[in-house]
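Next come the chains, spelled out residue by residue.
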Amino acid sequence: MAYVIIAVCFGLAGGIVGRIKGSSFVLWFLISGAVPFFGLLAALAYRFERDELRRQCPSCGRVTKIYDALCTRCGAELDFPETAIAPDSVGLIRREQTPAGS
Ligand SMILES: [Zn+2]
């Protein structure tokens, strides 16, 4: 009986985490309830990955993580970009440049 309570608690926590970052509450409730603790960790890690900023390789156009120093497709060296692509969880292209003349 205690295990059921623990599983439900972790399920709720994982579900809430999943819901906050725009995924399915039910999906993460089931995952976190089936594998308590690890499911919650997965929900947290999944969010972290999706919230990472991205940018586009100037040589081949591949979208990589913003912290990558080399393009994973063409091997071009990548400086820290002036423009970043918003995380998957936002789904919009966002300009990171500061407006001129401010
Ligand atoms: Zn490239």
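Draft legend 1. Seen up close, the overall build of the protein chain. A count of helices and strands for the protein chain gives 3 helices and 4 strands. Starting at the N terminus, the α and β elements of the protein chain follow one another as α-α-α-β-β-β-β. A separation of at least 24 residues holds for 32% of the contacts in the protein chain among residues at least 6 apart in sequence.

Draft legend 2. Representation of the packing of helix α1 (residues 2–20) against helix α2 (residues 25–34) within the structure. Between α1 and α2, the least distance of the axes is 7 Å, while the angle of their chain directions is 145 degrees. The element α1 and its partner α2 pack so that their crossing is right-handed. Contacts from Ala7, Val8, Phe10, Gly11, Leu12, Ala13, Gly14, Gly15, Val17, Gly18 and Arg19 of α1 reach α2 at Phe25, Leu27, Trp28, Phe29, Ile31, Ser32 and Gly33. When grouped by side-chain class, the residues that make up the contact of α1 with α2 number 11 nonpolar, 6 polar and 1 charged.

Draft legend 3. Broad picture of the nonpolar core. Core analysis: the biggest nonpolar cluster contains 8 residues, these being Phe10, Ala13, Val17, Trp28, Phe29, Ile31, Leu40 and Ala43. Elements supplying a minimum of two residues to this core: α1, α2 and α3 (38–50).

Draft legend 4. Seen up close, α1. Its 19 residues give α1 an end-to-end C-alpha distance of 27 Å, which sits within 8% of 27 Å, the value for a rise of 1.5 Å per residue. Within α1 the residues assigned to the buried category are Phe10, Gly11, Ala13, Gly14, Gly15, Val17 and Gly18. Following α1 by one or two positions, glycine 22 adopts a phi angle in the positive range, close to 90 degrees.

Draft legend 5. Region of interest: the environment of arginine 62. The topology assignment puts arginine 62 in the loop between β1 (54–56) and β2 (63–65). When the C-alpha positions of arginine 62 and cysteine 74 are compared, they lie 8.7 Å apart, and in sequence the two are 12 residues distant. Sequence-distant contacts of arginine 62, defined by excluding residues within four places in its chain, comprise Cys57, Cys71, Thr72 and Arg73.

Draft legend 6. Quick look at unusual backbone geometry. Positive phi outside glycine occurs at phenylalanine 37, with the angle close to 75 degrees. By secondary structure assignment, the location of phenylalanine 37 is in the loop between α2 and α3.

Conventions adopted
- Residues numbered from 1 in each chain as written.
- Predicted model: local features only at pLDDT ≥ 70, side-chain atom pairs only at ≥ 80, totals over all residues.
- Helix = DSSP H or I, 4+ residues; strand = E, 2+ residues; numbered from the N terminus.
- Contact = placed C-beta atoms within 7 Å.
- Axes fitted to C-alpha atoms, helices over the stretch in contact; angles between N-to-C directions.
- Left-handed = near helix turned anticlockwise from the far one by under 90°.
- Nonpolar A, V, L, I, M, F, W, Y, C, P; charged D, E, K, R; others polar.
- Core = buried A, V, L, I, M, F, W, Y, C linked by C-beta atoms within 7 Å.
- Buried ≥ 20, exposed ≤ 12 C-beta atoms within 10 Å, placed from the backbone.
- Expected span 1.5 Å × (residues − 1).

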